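For reference, the chains in residue letters:
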Amino acid sequence: MIVKLDRWQAVQLSMYQDLQPVFVELSEDLAKKYDVVATRDRFWRDINAAKSRVNKQLLDEQIATAYVDIVSHVPAARSKVIDVLGKLAAVEERISGEFLRNGERGILSLKSKASTYQTAHLGNMLRGAAQQATTDLKSESDQALNPVREYLVGVIEMKDEDIVTGSFGAISRAMYPN
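**Q** Describe the overall build of the protein chain, naming the residues involved and giving the relevant values.
**A** Along the protein chain, the regular secondary structure elements total 8 helices and 0 strands. Listed by position from the N terminus, the elements making up the protein chain come as α-α-α-α-α-α-α-α. When the 178 residues of the protein chain are sorted by exposure, 43% land in the buried category. Counting contacts in the protein chain only where the partners sit at least 6 residues apart, residues at least 24 apart contribute 80% of the total. Carbon together with sulfur atoms contributes 54% to the accessible area of the protein chain, which is approximately 9900 Å² in total.

Encoded structure:
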């Protein structure tokens, strides 16, 4: 389960790293036909397509259902895992929304700069926005994941007999290690 939650984070972060070809195409298209509105629209379309691919990958890897096995032995884990998945979804949605808004703002800021535009202007701006999104997503998803990681490690370290008997003290210590 810990590995699956870490995989969720890695897959989400990879989206921003994998967008470099999109940034190059957008920059080059803007240089060829200086239409910032069309570039903005394509930016939104391409980023949302990348998000759809990430969501499909997460679904295919069954990351959200990986907790089912542990719940049969430690029912208290269910609420913790469901809670963290909700937090992670909210974090991803907020950060990807900020990335889209920042990208749009940057693209539209080039509206009256056709005579001085170079492809590096848009490409560097989009790379900077993607780097900020990556940094924020890593930080905020770590904050959401760390308590569940600690909890699951606590459960893993429990004796089998404590898990089987539902030893309240052992499970409480795993749930609230500090």
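**Q** Now, about the pattern of salt bridges: what can you tell me, with residues and values included?
**A** Applying the stated criterion to the full structure yields 15 salt bridges. Between glutamate 140 and arginine 94 there is a salt bridge; the shortest N-O distance is 2.0 Å. In this pair, glutamate 140 sits in helix H6 (residues 119-157) while arginine 94 sits in helix H5 (residues 76-108), placing the two residues 46 residues apart along the sequence. Between arginine 149 and aspartate 142 there is a salt bridge whose closest N-O contact spans 3.5 Å. The same class applies to arginine 149 and to aspartate 142, which are both buried. One network of salt bridges, in which partners are shared, links Glu25, Asp29, Arg42, Arg45 and Asp46.

**Q** Summarise the packing of helix H3 (residues 36-60) against H5; cite the residues concerned and give the values.
**A** Orientation of H3 relative to H5, taken along the N-to-C sense of each, is 160°, at an axis distance of 9 Å. For the element pair H3 / H5, the angle class is roughly antiparallel. In the packing of H3 onto H5, the handedness of the crossing is right-handed. For the pair formed by H3 and H5, the contact residues are Val36, Thr39, Arg40, Phe43, Trp44, Ile47, Asn48 and Lys51 on the first element and Glu92, Glu93, Ser96, Phe99, Leu100, Gly103, Glu104, Ile107 and Leu108 on the second. Of the residues that constitute the contact of H3 with H5, the class distribution is 8 nonpolar, 4 polar and 5 charged.

**Q** I'd love a proper account of the side chain of aspartate 136, names of residues and values included.
**A** Note that aspartate 136 resides in helix H6. Apart from the residues within four sequence positions on either side, aspartate 136 is in contact with Ile95 and Glu98.

**Q** Provide a residue-level description of H3, including the pertinent values.
**A** The terminal C-alpha atoms of H3, which comprises 25 residues, lie 36 Å apart, in line with the 36 Å expected from a rise of 1.5 Å per residue. Along H3, the residues classified as buried are Val36, Thr39, Arg40, Arg42, Phe43, Asp46, Ile47, Ala50, Lys51, Val54 and Leu58. The residue sitting at the N-terminus of H3 and contributing the capping side-chain oxygen is aspartate 35; that oxygen lies 3.2 Å from the backbone nitrogen of valine 37. Just past H3, the residue glutamine 62 takes up positive phi, approximately 55°.

Cut-offs and rules
Residues numbered from 1 in each chain as written. Predicted model: local features only at pLDDT ≥ 70, side-chain atom pairs only at ≥ 80, totals over all residues. Heavy atoms only, no water. Helix = DSSP H or I, 4+ residues; strand = E, 2+ residues; numbered from the N terminus. Buried < 20%, exposed > 50% of the residue type's maximum accessible area, 1.4 Å probe, protein only. Contact = heavy atoms within 4.5 Å. Areas by Shrake-Rupley, 256 points an atom, 1.4 Å probe, with all protein chains shown as cover. Salt bridge = Lys/Arg side-chain N within 4 Å of Asp/Glu carboxyl O. Axes fitted to C-alpha atoms, helices over the stretch in contact; angles between N-to-C directions. Parallel < 35°, antiparallel > 145°, perpendicular 65-115°, else oblique. Left-handed = near helix turned anticlockwise from the far one by under 90°. Nonpolar A, V, L, I, M, F, W, Y, C, P; charged D, E, K, R; others polar. Expected span 1.5 Å × (residues − 1). Polar contact = N/O pair within 3.5 Å; in protein donor to acceptor, adjacent residues only side chain to side chain.

Read these as spatial facts, not as claims about activity.
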